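Each chain, letter by letter, is given below.
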Amino acid sequence: MDFMITEVVKGLKQLYNQDVEESLISIQDTRKEFEGQATIVVFPFVRFSKKSPEQTANDLGEYLVANLEVVTAFNVVKGFLNLSITNSYWMDLFNTDLLRPDFGKIPSNGKKVMVEYSSPNTNKPLHLGHVRNNLLGYSVSELLKANGSEVYKVNLVNDRGIHICKSMLAWQKWGEQETPESSGLKGDHLVGKYYVIFDKEYKKEIEALKLTGQTEEEAKKNAPLIREAQAMLLAWENGDEGVISLWKRMNGWVYDGFAVTYKNLGVDFDKYYYESNTYLLGKDTVDEGLEKGVFFKKEDGSVWIDLTADGLDQKLVLRADGTSVYITQDLGTAQMKFDDFGMDESIYVVGNEQDYHFKVLFLILDKLGKSWAKGLYHLSYGMVDLPSGKMKSREGTVVDADDLIAEMVATAKQKTEALGKVDNFSEEEKESLYYKIGMGALKYFLLKVEPKKRLLFDPAESIDFQGNTGPFIQYTHARIKSLLSKAGFTAGVLVDNQIELSATELEMIILLAKYPAEIAAAAKTFSPASLANYIYEVAKMFNKFYHEIPPIVKEENEQLKQHRLNLSWVTANVIKDGMRILGIEVPERM
RNA sequence: GCAUCCAUAGCUCAGCUGGAUAGAGCAACGGUUUUCUAAACCGUAGGUCAUAGGUUCGAAUCCUAUUGGGUGUACCA
């Protein structure tokens with residue numbers, strides 16, 4: 001439609017002798033109730049046309065009909081100029097653009113982007129909140145790749161700290177040498193079990209201390225368990241061999257467990273970073289900031305930054321004893337990541353409870369004069385809520401990722417079997433299909449919602465297989481595949497551009513043609529959700545088309561048959577490719 | 001208190017840089033299968049876009065205030 005904008009600019013120049021920015025011209029789809037396919041809003045032009053909106057639209061309409069061959073007619077409704085465009089224009093577009101095997105592939109834009117996501121703690125298994133993070137991180141990565149960027153996916157593992165020591169200590173005390181092998185538990189679940197035990201015992205100690213007259217706060221500080229955990233952390237930092245080897249052993253169990261969950265989720269990483277390696281970073285950056293006068297030192301030796309002029313608070317960046325806080329290592333890690341990859345943009349996929357932290361982090365890096373600071377972006381997403389309230393991992397009231405996956409696959413199995421369409425599938429094919437459908441439902445459900453919005457997850461009712469869902473889209477794809485094979489479709493056969501198009505066929509071409517623009521728009525806003533909703537539109541449109549025309553397989557007019565198959569083929573390609581970006585597989589049959 | 005995000009149909013969500021009569025799905029009700037997969041399609045019903053102002057030819061969209069909710073405001077990570 002770019003040629004249309006160019007022509008409108010020329011027309012306005014000729015009609016009213018006015019130069020107009022292209023951005024002032026908005027071309028949109030004509031609403032169904034009116035004649036035409038493209039609509040130009042003329043209100044912005046009346047200022048210089050000095051005529052009524054209707055008259056202005058008429059002038060422009062006449063100009064376009066006279067000067068553009070593809071525009072055959074126009075009508076004016078209020079300030080809206082509706083243009084009728086020849087079918088052959090759309091057919092040419094379809095033939096030369098959409099039918100190309102590489103339709104939807106966007107050439108490289110030369111940008112390097114890092115996406116950091118997942119970032120789990122190694123003291124407990126992954127839960128539903130992590131699932132949202134992982135799916136978002138993975139699909140945003142794929143989205144940016146599809147838009148022509150070079151993407152590095154990294155996972156910064158939080159493998160040290162007091163919370164890790166809690167699991168370790170509890171295992172030491174009550175674990176009786178239990179291992180994943182001896183217990184049959186997945187490694188991350190085993191470790192998580194001891195994290196919960198720690199919390200339970202810790203709470204008991206607090207209650208006991210409160211009975212002796214201590215306040216809640218004192219009791220929390222003085223409980224023997226927490227003191228032991230702190231001592232363990234200190235020993236760890238001092239390189240105590242016993243603690244380190246226990247740490248390695250238990251972390252190993254967790255990684256084995258995570259590997260399984262990641263595989264099931266279909267996510268992967270180009271590089272892992274570990275906080276046990278990065279937690280001392282950032283002190284150089286602090287020195288740098290002091291030199292540049294960005295930071296200042298208080299009498300006690302602690303280092304701060306004053307952000308009150310930016311509407312934020314004073315923020316500690318280094319303790320008086322010289323040890324790091326959270327933001328210290330994030331400053332150092334940001335520098336290290338840039339030194340490693342030299343990326344133009346860096347996306348942090350982290351929940352919205354850390355909005356403030358990242359605001360501060362990016363602001364500090366900018367004040368330090370880091371040229372790359374403007375390429376940093378916090379992809380913030382809302383929490384996943386349950387009808388019963390919040391998930392609390394310490395209390396074990398979470399929706400566990402592995403349980404959820406298993407449940408989804410089981411539901412897919414049950415629903416598929418009830419439909420009785422898989423009788424001629426092998427056992428292996430069945431298992432693979434149930435997995436694809438179950439995960440498709442889960443992934444689509446989580447991804448179709450705008451990241452920054454909170455998401456309500458009702459295990460009993462939320463996951464559906466009808467309507468705007470993953471399986472609906474998968475089903476549409478499978479249906480097209482079945483159609484193409486029954487009809488003996490060959491790709492790459494062009495149909496004469498004079499062929500008659502139905503209203504739905506025309507709508508489909510227009511919708512499908514938007515695919516590359518949809519990818520670009522979704523990439524720009526880091527939002528898989530908009531792409532997900534677009535794919536749904538495509539699938540819905542196909543189903544409508546499929547129902548309102550007679551069976552294609554039996555169509556005797558070869559041109560018509562080939563054209564309808566072409567249309568189906570492009571639809572299937574767009575669905576498959578779009579779903580791939582979302583990290584969702586589409587089966588060939590279901 | 002301050003900061004920040006959110007509020008659209010009974011429920012879950014769309015609604016692009018302001019554009020025409022605000023759209024889907026689920027749930028409810030009715031219909032469609034001797035023809036390519038009915039996990040589909042068609043129809044009915046369902047709305048004061050939280051409230052009140054403002055800007056504009058035009059506001060769900062932008063601005064201000066108010067209400068309700070989430071999150072943050074740690075020398076935790």
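Given the structure is predicted, the values throughout are model-derived calculations rather than measurements.

Attention now goes to the packing of aromatic side chains. All chains considered together, the criterion is met by 28 aromatic pairs. Both rings, one in F3 and one in Y89, keep their centres 5.5 Å apart while their planes meet at 55°; by these two values the pair is tilted. Linking F3 in helix 1 (residues 2-16) with Y89 in helix 4 (residues 87-98), this pair joins segments that are 86 residues apart in sequence. Classification of F3 by relative accessible area gives partly exposed; the value is 29%.

In globular proteins that are soluble, nonpolar side chains generally tend to be buried together. Core analysis: the biggest nonpolar cluster contains 154 residues, and I40, L64 and L531 have the highest contact counts within it. Counting residues per element, this core draws most heavily on helix 22 (residues 558-582), which supplies 11 residues. When residues of this core are sorted by domain, at least three fall in each of domain 1 (2-85) and domain 2 (402-582). Setting aside residues no more than four positions away along its own chain, I40 makes contact with M4, V8, S26, I27, F45, L60, L64, G79, F80, L81 and L83.

Another aspect to go through is the sheet that holds strand 10 (residues 314-318). Strand order in the open sheet formed by three strands is 8-9-10, and the pairing between neighbours is antiparallel. At either end of the open sheet lies a strand with only one pairing partner, and these are strand 8 (296-297) and strand 10. Of the strand pairs in this sheet, strand 8 and strand 9 (residues 303-306) are connected by two bridges, and their pairing is antiparallel. Residue pairing in the sheet places F296 in a bridge with W304 of strand 9. Contacts between helix 13 (residues 283-291) and the sheet are confined to strand 8, strand 9 and strand 10, with strand 10 contributing the most and set at about 125° to the helix.

Where strand 8 folds back on strand 9, the antiparallel hairpin that results is connected by five residues, among which G301 adopts a positive phi of roughly 100°. The pairing of strand 9 with strand 10 spans four bridges and is antiparallel. Counterpart to V303 in the pairing with strand 10 is L318.

Within the sequence span of helix 4, burial applies to S88, Y89, W90, M91, L93, F94, N95 and L98. If you follow the buried residues of helix 4, they end up packed against helix 1, strand 4 (80-85), helix 19 (503-513) and helix 22.

One side chain can pair with another of opposite charge once the charged atoms of both are near each other. Within this structure, the stated rule accounts for 35 salt bridges. Between K203 and D199 there is a salt bridge, with its nearest N and O atoms 3.3 Å apart. Here D199 and K203 lie together in helix 8 (residues 187-211), a separation of four residues that amounts to about one turn. Note on K203: relative accessible area 42%, which makes it partly exposed. K481 is the partner of E588 in a salt bridge, and the nearest nitrogen-oxygen pair spans 3.5 Å. Of the two residues, E588 is situated in the segment after helix 22 and K481 in helix 18 (residues 470-486); the sequence distance between them amounts to 107 residues. Judged by relative accessible area, which is 42%, E588 ranks as partly exposed.

To continue, consider unusual backbone geometry. Unusually for a residue other than glycine, K78 sits at a positive phi of about 50°. Of note, S118 is a non-glycine position whose phi angle comes to about 80°, a positive value. Considering the arrangement of structural elements, one finds S118 in the loop between strand 5 (112-116) and helix 5 (128-146). Take S118: its relative accessible area is 4%, and that puts it in the buried class.

Rules and cut-offs
Residues numbered from 1 in each chain as written. Chains lettered and ligands numbered in written order. Predicted model: local features only at pLDDT ≥ 70, side-chain atom pairs only at ≥ 80, totals over all residues. Heavy atoms only, no water. Phe/Tyr/Trp six-rings, centres within 6.5 Å; stacked < 30°, edge-to-face > 60°. Helix = DSSP H or I, 4+ residues; strand = E, 2+ residues; numbered from the N terminus. Buried < 20%, exposed > 50% of the residue type's maximum accessible area, 1.4 Å probe, protein only. Core = buried A, V, L, I, M, F, W, Y, C linked by side-chain atoms within 4.5 Å. Domains from an automatic or database assignment. Contact = heavy atoms within 4.5 Å. Pairing = 2+ DSSP bridges. Axes fitted to C-alpha atoms, helices over the stretch in contact; angles between N-to-C directions. Salt bridge = Lys/Arg side-chain N within 4 Å of Asp/Glu carboxyl O.

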